Amino acid sequence: MSLRADAPPATAARIHRFSRAERWIHRTTAALMGACVLTAAFLYIPEFARLVGRRELVVRVHEWAGLALPVPVLAGLASRAFRADLGRLNRFGPHDRRWLRAALRRDRRRESRPAGKFNAGQKVYAAWIAGATLVMLGTGLLMWFTHLTPLVWRTSATFVHDWLALTIGVVLAGHVGMALRDPEARRGMRTGSVSREWAEREHPLWRD
């Protein structure tokens, strides 16, 4: 049996979502953030600390992973696609406020949650994690260069750093959990393309 000559190619049902540079930025940032969270757990949870033993090495890995965390994003600014998506993440429209109201009411109907390329939840998460990363970097530097700041600054920085680290761990767990529930979204980040049916269902206002 031969295929029809006018049959559309299999790739016609898929549309481009993320460039190679964007996927690299996401993976590298995720690896660095994972290293920060994992080493923090080994530093602050006694049961984990006993498994490693080499506290000084864990501290150094934690510090350098934290310092390197902004590097993928800064390097990614050379990508036009990445800059365009940053602009989309930074814009909030009426449909985003509608999405958030529906989320607060736990209204899961698709028509109640209109979204462009990124929904309002993704925009809020991106803004929050970017701000939290900068705060963690600043407080970490205050804790690292102890001879440059007074004791009260270092004490306050330690308090903020520790509690914000716990909050980041909880938020990241939620982020990973939501990704695990959406295999097509994960495929889009892994391969760069998503099915047209998924895009029309989850992001009906997105115009590529």
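Keep in mind the model is a prediction, meaning the values are calculated, not measured. (Residues numbered from 1 in each chain as written. Predicted model: local features only at pLDDT ≥ 70, side-chain atom pairs only at ≥ 80, totals over all residues. Heavy atoms only, no water.)

**Let's talk about a nonpolar patch on the surface**
Argument step 1. Together, Val135, Phe159, Val160, Trp163, Leu166 and Val170 make up a nonpolar patch on the protein surface, roughly 610 Å² of accessible area in all.
Argument step 2. The element that contributes the greatest number of residues to the nonpolar patch is helix α8 (residues 151–180), accounting for five residues.
Argument step 3. With respect to the helices and strands, Leu166 occurs in helix α8. (Patch = residues over 30% accessible without salt bridge, like charges linked within 9 Å, V, L, I, M, F, W, Y side chains within 5 Å. Areas by Shrake-Rupley, 256 points an atom, 1.4 Å probe, with all protein chains shown as cover. Salt bridge = Lys/Arg side-chain N within 4 Å of Asp/Glu carboxyl O. Helix = DSSP H or I, 4+ residues; strand = E, 2+ residues; numbered from the N terminus.)

**A short note on the pattern of salt bridges**
Argument step 1. One pass over the full model with this rule turns up twelve salt bridges.
Argument step 2. Of the charged contacts, one joins Arg14 and Glu184 as a salt bridge, the two residues approaching to 3.0 Å between their closest N and O atoms. On the criterion of sequence distance, the pair formed by Arg14 in strand β1 (residues 14–16) and Glu184 in helix α9 (residues 183–191) is long-range, its members being 170 residues apart.
Argument step 3. When its relative accessible area of 31% is taken as the criterion, Arg14 is described as partly exposed. (Buried < 20%, exposed > 50% of the residue type's maximum accessible area, 1.4 Å probe, protein only.)

**Here we look at the layout of surface pockets**
Argument step 1. Its boundaries defined by the atoms lining it, the second largest pocket holds a volume of some 860 Å³.
Argument step 2. Around the second largest pocket, the lining comprises 29 residues; the ones closest to its centre are Ala40, Tyr44, His62, Met136 and His161.
Argument step 3. Taken together, the elements giving at least two residues each to the lining of the second largest pocket come down to α1 (20–44), α3 (55–68), α7 (120–144) and α8.
Argument step 4. The residue makeup of the lining of the second largest pocket, split by class, is 20 nonpolar, six polar and three charged. (1 Å grid on protein atoms, 1.4 Å probe; cavity = no way out; pocket = protein on both sides within 12 Å on 5 of 7 lines; lining within 4 Å. Points joined across faces, edges and corners; volume = space filled by probe spheres on them. Nonpolar A, V, L, I, M, F, W, Y, C, P; charged D, E, K, R; others polar.)

**Examining the confidence of the model for the protein**
Argument step 1. When pLDDT is averaged along the protein, the result is 89, and 94% of the positions lie at 70 or above.
Argument step 2. Per-residue pLDDT stays below 50 along residues 1–11; that stretch engages in zero contacts with residues further than four places along the chain or on separate chains. (pLDDT = per-residue confidence, 0-100. Contact = heavy atoms within 4.5 Å.)

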